[in-house]
Amino acid sequence: MFQRIKMNFSAKVVAIVLLCIIVPLTITLVASYSAYRYLVIQEAKNSTKQNVDFITEYINSSFNTIYENLTVFAESNDIEKIIAVEHLSNAEQTQLQDNLVNFCYNYSVYSNAYISSNAQKSLYSAYSETKGRAKYDDVIHSDWYRDVNGTYDYAVLHYPLGSSESLSCVKVIRSTTDFQCLGYCMVKLRLSYLDSAFSLCHSSIGEFYCVTDQGRILCSTSEQVDPNIDFSALSYTPSFENIGGKITYCQKISQSNLYIVGVFPTSIHKLSVIYPFYIGLIIAVLCLAGSILVSVLMIRKFLRPIHVLAEEMEDSDLDSLKPVLLSGRKDEVGMLEEKYNEMIMRFNDMIDTQYRAVLSAQEAQLKAMQLQINPHFVNNTLQMIGGIAVEHGMMDVYDLIRSFSGMFYYCLKFKGNIVMLRDELKYLDDYIKIQQARFPNKFQYVTEIDPSTEALEIPKMALQPLMENCFVHSFSHMKSGWRISVTSHRFGDRYEVSVVDNGIGISREQIEQLQEALMHENINDPFNITTSIGLQNVNIRIKILYGDSYGLRILSPESGGTRVTLSLPAKNGDGKSNDKITDC
């Protein structure tokens, strides 16, 4: 190994850098950083878990107390008997409501109390929120009630009914004979009821939330919720998870769809280890300064022959390049000296070769200019052939030549990249006539054009690739019965042009791949690169001309067929070009 370093110039430099700079600096920084980070993260996890467990136990105890109060109320007022009958007199209803009012009065934390009777199909409440008798059907058909109806003990749920968000603690009343659900007793609690539990939690490293199993936040210790945290993505198991750059730990509240979630940032270690890190950094800088000084002195010694060679090259000119004296070294410097002398010997040969290459390029350019054909000459020739076809009564041939000539003339007439929709549709008509001759009696072509869009601008030749995809892909497995329609509609300051076919359609996976290809212009289409490139080219042109608010989208229902829609600004077309895109 030492012999290899001695014979290899690059190995000498790398060995010096590794020994004097990288090794001590890396060991110092990595060791201190890793150790402190691990310790602080573990401390944060333990603290967060303890706080989450404390809040959960506190809330569970509070809800158990509410359940016991509901049980005493139901037994003392014989609620099971009251809700089992099919009808209550006005006096009985008044008495029942008074009992609910007294119940709420005795426990000030309850914002309202309810009794539901399945036999009477009625819902009674204490206060004027529902004015005595509520709409029973609004409750019985809600998802909330279905969750309550399946419990045998009690349930705590996020109460979605009413004008404000609340929590509900529900005791289901079941028959003592057959355990059928007769109704329920419920108290409604404001979300601020949870604040008492969160106020007892003291933590300087994290935040705590009460969320539903759908990820909806009901209460938190933070005034602002981090938008990077997606609570709906939690697994809702008592374990640590990394979501949105934050570490989370959750615990479920018993008999409910609520969870207590603790959150702290993974970057918390930066605050705790800042001073030890600075000490390590200062030591590393001192080591680095000393290493650089030693390295500079040693590298200058090793690079001296190269400096001599550079000075020789600088003092020479193209007419007097001379070989240098070899130093006899066996490393890269000696090889560089040998290759320099070989370069001098080949220099004159290279000049002669380059001179001949320039002459050959000029000759090839002259031949290419001689072989160029004037596009107008081609167009005139097509018109002449069409005239001969008319003279011989070959009208089918004449129609095809006229359509092809129209397409060719379209490229000559409109030199820019932007045309009016009516001109693009006329070009499309010529294209369709050629396809009708190719596929006689196989397809139907219809248009539904909003007159207000005919004078609006569209990128030149933006519709023909969409139409060509219909023949190449959509109808590839259909013998006949093809249908293609082109529609346009205006929507204020924008308008849309759609090409719709009744072909085989595109699968959901292919649609997703196409949309991905349209979003990322360099992506390769895995199932049909030709289709992707054609659509992708049109989409990129639109976005370059008009911005990201416009572009192309693709829809394909399961029943078959494909709709490709161009979204464009409603700007009056004048046929002027845009220099951002090269003319075809």
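These numbers were taken from a predicted model, which means no experiment stands behind them.

A. The overall build of the protein, seen in detail. A count of helices and strands for the protein gives 17 helices and 17 strands. Counting over 584 residues, the protein shows a buried share of 40%. A fraction of 62% describes how many contacts in the protein between residues 6 or more apart in sequence connect residues 24 or more apart. Summed over its atoms, the accessible surface of the protein is roughly 34100 Å², and 56% of this surface lies on carbon and sulfur atoms.

B. Representation of the sheet that holds strand 10 (residues 258-265). Pairing in this open sheet of five strands is antiparallel, and the strands run 7-6-10-9-8 from one edge to the other. Edge positions in the sheet fall to strand 7 (217-220) and strand 8 (240-243), since each of these pairs with one other strand and no more. Across the sheet, the axes of successive neighbouring strands diverge by a mean angle of 30 degrees, strand direction being ignored. Relative to strand 7, strand 6 (residues 207-212) is paired through three bridges, and the arrangement is antiparallel. Its bridge partner being in strand 7, Val-211 is matched across the sheet by Ile-217.

C. Region of the structure containing helix 4 (residues 90-106). Here helix 4 spans 25 Å end to end across 17 residues, near enough to the 24 Å set by a 1.5 Å rise per residue. All of the buried residues along helix 4 are Gln-93, Leu-96, Asn-99, Leu-100, Phe-103 and Cys-104. Each buried residue of helix 4 sits inside an arc of 135 degrees when the element is viewed along its axis, so together they form one side. Counted as exposed and oriented over 90 degrees from the buried face of helix 4: Asn-90, Ala-91, Tyr-105 and Asn-106.

D. Structural context of the confidence of the model for the protein. A residue-level look at the protein finds 73% of positions with pLDDT of 70 or above and a mean pLDDT of 76. Model confidence for the protein, summarised as mean pLDDT per element, is weakest for helix 8 (residues 269-272) at 54 and strongest for strand 15 (residues 494-501) at 93. Across residues 130-134, confidence stays below pLDDT 50; counting only partners more than four residues off in sequence or on other chains, it has 13 contacts.

E. Summary view of the packing of helix 14 (residues 421-438) against helix 15 (residues 464-474). Following both chains from N to C, one finds helix 14 and helix 15 inclined at 25 degrees, their axes separated by 10 Å at the closest point. One finds that helix 14 runs roughly parallel with respect to helix 15. Crossing geometry of helix 14 relative to helix 15 is assigned as right-handed. Together, Glu-424, Tyr-427, Leu-428, Tyr-431, Ile-432 and Gln-435 of helix 14 and Gln-464, Met-467, Glu-468 and Phe-471 of helix 15 make up the contact between the two elements.

F. Geometry of the pattern of salt bridges. For the structure shown, the criterion picks out three salt bridges. We note a salt bridge from Asp-53 to Lys-49, for which the minimum N-O separation is 3.1 Å. With a gap of four residues between them, Asp-53 and Lys-49 both fall in helix 2 (residues 9-76), about one helical turn apart. The partner of Lys-571 in a salt bridge is Glu-457, with the nearest N and O atoms 3.9 Å apart. Note that Lys-571 is positioned in the segment after strand 17 (562-569) and Glu-457 in strand 13 (residues 457-459), a separation of 114 residues in sequence. Residue class for Lys-571 comes out partly exposed when judged on its relative accessible area of 42%.

G. Representation of a nonpolar patch on the surface within the structure. A surface patch of nonpolar side chains, about 370 Å² in accessible area, is lined by Leu-293, Val-294, Leu-297 and Met-298. Along the chain, Val-294 turns up in helix 9 (residues 274-302). You can call Val-294 partly exposed: its relative accessible area is 39%.

H. Seen up close, the packing of aromatic side chains. Per the stated rule, a full pass over the model turns up 15 aromatic pairs. On the numbers, 6.4 Å between centres and 35 degrees between planes, the contact of Phe-54 with Tyr-58 is tilted. Of this pair, Phe-54 and Tyr-58 both sit in helix 2, four residues apart, which is roughly one turn of the helix. Given the relative accessible area of 37%, Phe-54 is considered partly exposed. A relative accessible area of 33% places Tyr-58 in the partly exposed class. Taken together, a centroid distance of 4.9 Å and an interplanar angle of 40 degrees make the contact between Phe-240 and Tyr-249 tilted. By relative accessible area, which is 31% here, Phe-240 ends up partly exposed. Just above the ring of Phe-240 sits the side chain of Lys-45; from NZ or CZ to the centre is 5.3 Å.

Parameters and conventions
- Residues numbered from 1 in each chain as written.
- Predicted model: local features only at pLDDT ≥ 70, side-chain atom pairs only at ≥ 80, totals over all residues.
- Heavy atoms only, no water.
- Helix = DSSP H or I, 4+ residues; strand = E, 2+ residues; numbered from the N terminus.
- Buried < 20%, exposed > 50% of the residue type's maximum accessible area, 1.4 Å probe, protein only.
- Contact = heavy atoms within 4.5 Å.
- Areas by Shrake-Rupley, 256 points an atom, 1.4 Å probe, with all protein chains shown as cover.
- Pairing = 2+ DSSP bridges.
- Axes fitted to C-alpha atoms, helices over the stretch in contact; angles between N-to-C directions.
- Expected span 1.5 Å × (residues − 1).
- Arc of directions from axis to C-beta.
- pLDDT = per-residue confidence, 0-100.
- Parallel < 35°, antiparallel > 145°, perpendicular 65-115°, else oblique.
- Left-handed = near helix turned anticlockwise from the far one by under 90°.
- Salt bridge = Lys/Arg side-chain N within 4 Å of Asp/Glu carboxyl O.
- Patch = residues over 30% accessible without salt bridge, like charges linked within 9 Å, V, L, I, M, F, W, Y side chains within 5 Å.
- Phe/Tyr/Trp six-rings, centres within 6.5 Å; stacked < 30°, edge-to-face > 60°.
- Lys NZ or Arg CZ within 6 Å of the ring centre and 35° of its normal.

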